[in-house]
Amino acid sequence: MSFEDYADGEQLPPEEFNLDVVSATTPLSVELARVMGRLDPDGQMAQAGPSLGAVQRAWNEIAGAQLAEITRSVYVRKDEVVVVLSSPLWAQELNFLAAQYCEKLNAALETDALKGLKFRVS
């Protein structure tokens, strides 16, 4: 079976991916999924959560100026958001509010993909 057989958007079974061959007719989403490992064992596209940029923008809006000022970074690990702060005191206090902030992020992003939020110090 060739890549051209899947030009209509169907996904290739994982065993048929060839890292050395890329066709102009292969949908970009299939190639990206293959490269990023976003295919589940059945060869189906894994459900992707919100993008990192969207999560970072939503955090800055939800956190407000004071928290955004002490936030060093925000990243997503699987279905959990990790907010790195400069203050251990803030991190400890905010961990008590993590579930509420997670709900606010999910609402702002119009998703339910985020299951948790953790505050860390760096």
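Up top is the structure.
Residues numbered from 1 in each chain as written. Predicted model: local features only at pLDDT ≥ 70, side-chain atom pairs only at ≥ 80, totals over all residues. Heavy atoms only, no water.

Caption draft 1: Structural detail: the side chain of Ser-87. By the secondary structure assignment, Ser-87 is in the loop between β2 (80-85) and α3 (88-95). Judged by its relative accessible area of 16%, Ser-87 is buried. Here the side chain of Ser-87 touches Trp-90 through a polar contact of 3.2 Å, landing on its backbone nitrogen. (Helix = DSSP H or I, 4+ residues; strand = E, 2+ residues; numbered from the N terminus. Buried < 20%, exposed > 50% of the residue type's maximum accessible area, 1.4 Å probe, protein only. Polar contact = N/O pair within 3.5 Å; in protein donor to acceptor, adjacent residues only side chain to side chain.)

Caption draft 2: Representation of unusual backbone geometry within the structure. Even without a glycine there, the phi angle at Lys-78 is positive, about 60°. Mapped onto the secondary structure, Lys-78 falls in the loop between β1 (71-77) and β2. One non-glycine residue, Glu-110, adopts positive backbone phi at about 55°.

Caption draft 3: Spatial organisation of the sheet that holds β1. In space, the 3 strands of this open sheet follow the order β1-β2-β3, with mixed pairing throughout. Of all strands in the sheet, those bounded by a partner on one side alone are β1 and β3 (116-121). Taken pair by pair, the neighbouring strands of this sheet meet at an average axis angle of 20°, ignoring direction. Relative to β2, β1 is paired through 6 bridges, and the arrangement is antiparallel. Bridge pairing in β2 links Tyr-75 to Val-82. Packing of α3 onto the sheet brings it into contact with β2 and β3, and relative to β3 it is tilted by some 160°. Sitting on the sheet, helix α4 (residues 98-109) is in contact with β2 and β3, with an inclination near 120° to β3. (Pairing = 2+ DSSP bridges. Axes fitted to C-alpha atoms, helices over the stretch in contact; angles between N-to-C directions. Contact = heavy atoms within 4.5 Å.)

Caption draft 4: Representation of the pattern of salt bridges. Overall, the coordinates contain 2 salt bridges when judged by the stated rule. Each of Arg-77, Glu-80 and Lys-118 takes part in a single network of salt bridges with overlapping partners. (Salt bridge = Lys/Arg side-chain N within 4 Å of Asp/Glu carboxyl O.)

Caption draft 5: Examining the packing of aromatic side chains more closely. Applying the stated rule across the entire model yields 3 aromatic pairs. Against the face of Tyr-101 rests Lys-104, its NZ or CZ located 5.6 Å from the ring centre. (Phe/Tyr/Trp six-rings, centres within 6.5 Å; stacked < 30°, edge-to-face > 60°. Lys NZ or Arg CZ within 6 Å of the ring centre and 35° of its normal.)

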